[in-house]
Amino acid sequence: MFNYNLQLALKSLKDRPSLTFLTILTIAIGLGLYTTIKTMSYQGGQVPLAHKSKNIFLVQMDNREITAEEVDHQSRMVDTTYKDTLNLLAMEMPGVEQTLNWYTYGILNIEDENINPVRATASVTSSNFFTMFEPPFLYGNGWDKATEDSAEGVIVISKLMNDKLFGGKNSVGENVRIGTNVLKIIGVLDTWHLSRKFYDRGFRSGRPDNFFIPHTYAIANELPRLAGFDCWKADADIARSFRNENTQRLLNSECAWVTFWAEVPDEQIENYQQQLVNYMEGQKALGRFPREILTFVTNLNDQFAYINGRDDFMNVFSIISTLFFAVCLLNAVGILLAKFMRRTKEVSLRRALGAKKKTIIAQHVIEVAIIGLLGGLLGLVVAYLGLQGMMNIQIYSSDYTRRLEDLQPLFALDFTMIANAFITGILCTLIASIYPIWRLCNTPPASQLKSQ
């Protein structure tokens, strides 16, 4: 019976082919736009380090003055002071790793005079950064704790900078200069795909850093600091000078400017939070932390849920694409109704000759499912073109500072989104066909046969 209904459905598709094609095209356009936006939202919302994201925490402690405003969410809480950063790094707990991040900048160049200098922004961090966040290495590796403690001048560069400065060869052991400071390359990162660059709390997409330097070297050599300094009133007037001057005053101040991270195993989370409270209480006895003790230990999952929920661009376009798809489905209802109602005389005759209503319904359901499948296929083509267009817009809007290879994963149709497009196309087409099929099958045969 299924083969019989399938043959009838295929034959019906050839009836009024223009209406069949128009139905497929209507579904494809609506589904294509819907899938384009959903794919961008899905890929952009992927949490990095998914296998351990629930154990990667942003650590914040409220060290602000007593007159500061109340904060009810971690997104509004300040970062960490440098002296607290060092104290926390010295706090050892089984299975716990900690790291930090801030930025420096300068003109980077190499000995080859044929290579133009590069205006560089470098991430300043610790050795644990590479084990916690697992960036892939093309050559070499990150620095170790001993190298960090000795404030040795080493640097890890990205594949992009390795290609630009050294033509893509293994540059481990080569020297680069930032200003007058000479640093030895010990590692070259491979292409690192991040849905969002989370470790600096910027959550920007497709922009991993190109240079990484030990924080001990940056401080010892007084490299400039690119940061937002949340300072007490005593230092607020000179906060801007902390970028290039007054290094010791900054290091001893209550200015919060370092982003601090911890990887904490499940069994240690409560203990780690208690250790933070104990640390704050100890510092409070020394005259610091004047406010009520407040800490935020927020894992990556919670941070991404909050950031994605506040992505107004994607939220608005998700609503628009859903409404547009709904309008396309309503148009498909009208087209299917026009297509099916032309068969009322044929269907009435079949029913008069003994065909059951469920047989008529089965034939048209199969026909609609095929239309939905074809609409899904064409919709994937539309979605692919839409994603390529949006990716090119992103590159153009960034003045080509974003790389194609970094953005491609954010605009990729993977198996999940392809399956979602097919299922959505078929199910929505079936839903859209309910009323046309119902109208067709509930037309009284007698009213049509009388006119013959």
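Per chain, residue numbering runs from 1 following the sequence as it is written. Confidence filtering applies because this is a predicted model: local features only for residues at pLDDT of at least 70, side-chain atom pairs given and counted only at 80 or more, and all residues used for totals across whole chains, interfaces and linings. Hydrogens and water molecules were not included; the side-chain quantities draw on all heavy atoms of the structure.

Describing the overall build of the chain
Phase 1: Summing up its helical and strand segments, the chain has 18 helices and 10 strands in all.
Phase 2: In terms of overall size, the chain is more extended than a compact globule, its C-alpha atoms giving a radius of gyration of 31 Å where 452 residues would be expected to give roughly 22 Å.
Phase 3: Projected onto its principal axes, the C-alpha positions of the chain cover 100 × 60 × 40 Å.
Phase 4: Partly exposed describes any residue whose relative accessible area lies between the buried limit of under 20% and the exposed limit of over 50%, with all areas from a 1.4 Å probe on protein chains only and scaled to the type maximum. Here the chain holds 452 residues, and the buried ones make up 49% of them.
Phase 5: Whether two residues are in contact is decided by their heavy atoms, any of which lying within 4.5 Å being enough. Contacts spanning at least 24 positions in sequence make up 76% of the contacts within the chain whose residues lie at least 6 apart.
Phase 6: In this description, accessible areas are obtained by the Shrake-Rupley approach with a 1.4 Å probe, and a residue is regarded as covered only by the protein chains that are shown. Here the chain displays about 21,800 Å² of accessible surface, and carbon together with sulfur accounts for 56% of that area. Helix and strand assignments follow DSSP, with helices taken as H or I runs no shorter than four residues and strands as E runs no shorter than two, numbered in order from the N terminus. Within these notes, the globule rule equals 2.2 Å times the number of residues to the 0.38 power, and the radius of gyration is based on C-alpha atoms.

Comments concerning helix α6 (residues 159-166)
Phase 1: Residues M161, N162, L165 and F166 constitute the buried set of α6. The arc that holds every buried residue of α6, seen down its axis, measures 105°, which confines them to one face.
Phase 2: Just downstream of α6 lies G167, where phi reads positive at about 70°. When we speak of the arc, we mean the arc of directions from the helix axis to the C-beta atoms.

Some points on empty space enclosed by the protein
Phase 1: A pocket, in this scheme, is an open set of points on a 1 Å grid over the protein atoms alone with protein on both sides within 12 Å along at least 5 of 7 lines, while a cavity is a set where a 1.4 Å probe fits but cannot get out; residues line either one if an atom lies within 4 Å of a point. Grid points are joined across faces, edges and corners, and a volume is the space filled by probe spheres set on the points. Counted by the stated rule, this structure contains 1 cavity of 30 Å³ or more.
Phase 2: Roughly 50 Å³ of volume is contained in the largest cavity.
Phase 3: S158, K159, L189, D190, T191, W192, P208, D209 and R403 are the residues that line the largest cavity.
Phase 4: Here the term charged refers only to Asp, Glu, Lys and Arg, the term nonpolar to Ala, Val, Leu, Ile, Met, Phe, Trp, Tyr, Cys and Pro, and the term polar to all other amino acids, Gly among them. Within the lining of the largest cavity, the residues separate by chemical class into 3 nonpolar, 2 polar and 4 charged.

With respect to the pairing of strand β1 (residues 56-61)
Phase 1: Among the 6 residues of β1, 6 are classified as buried, and the element is accordingly described as predominantly covered.
Phase 2: Residues I56, L58 and Q60 point to one face of β1 and F57, V59 and M61 to the other, with burial holding for every one of them.
Phase 3: Relative to strand β10 (residues 295-299), β1 runs antiparallel, the two sharing 5 bridges. Pairing of Q60 across the sheet is with F296, part of β10. For two strands to be treated as a pair, DSSP must find no fewer than two bridges joining them.

Observations concerning the packing of helix α2 (residues 17-44) against helix α16 (residues 415-432)
Phase 1: Packing of α2 against α16 leaves a shortest axis separation of 10 Å and a crossing angle of 145°. Note on packing geometry: the crossing formed by α2 with α16 is right-handed. Across from I27, L31, Y34, T35, K38, T39 and Y42 in α2, the residues of α16 making contact are T416, M417, A421, T424, G425 and T429.
Phase 2: Residue classes in the contact of α2 with α16 are distributed as 6 nonpolar, 6 polar and 1 charged. Each axis is a line fitted through C-alpha atoms, taken for helices only over the stretch in contact, and angles between the N-to-C directions span 0 to 180 degrees. Each crossing gets its hand from how the near helix is turned against the far one by less than a right angle, where anticlockwise is left-handed and clockwise is right-handed.

Section: the domain arrangement of the chain
Phase 1: When the domains of the chain are assigned, the result is domain 1 (2-47 + 310-450) and domain 2 (53-299).
Phase 2: In this complex, domain 1 contributes 14 residues to the contact, which on the side of domain 2 involves 12 residues.
Phase 3: Buried area: the accessible surface (1.4 Å probe) lost by two parts on joining, summed over both. The contact between domain 1 and domain 2 buries some 1,100 Å² in all, and 45% of this surface belongs to carbon and sulfur atoms.
Phase 4: Every case where a carboxyl oxygen of Asp or Glu lies within 4 Å of a side-chain nitrogen of Lys or Arg is listed as a salt bridge. Counting across the domain 1 and domain 2 interface gives 0 salt bridges.
Phase 5: Polar contact criterion, stated in full: a pair of N or O atoms within 3.5 Å, where within protein one must be able to donate a hydrogen and the other to accept it, and residues adjacent in sequence count only if both atoms are side-chain atoms. The tally of links from domain 1 across to domain 2 stands at 1 residue pair in polar contact (both at pLDDT 80 or more).
Phase 6: With 3 residues, helix α15 (residues 404-407) is the single largest residue contributor to the side of domain 1 that touches domain 2.
Phase 7: For the side of domain 1 that touches domain 2, the per-class residue count stands at 4 nonpolar, 5 polar and 5 charged. Boundaries between domains were set according to an automatic or database domain assignment.

Things to note about the environment of D235
Phase 1: Structurally, the position occupied by D235 is in helix α8 (residues 233-236).
Phase 2: Taking the relative accessible area as the measure of exposure, D235 reaches 9% and is therefore buried.
Phase 3: Separated by 65 residues in sequence, D235 and N170 place their C-alpha atoms 45 Å apart.
Phase 4: For D235, the contacting residues outside a window of four places in its chain are F242, R249, S253, E254 and C255.

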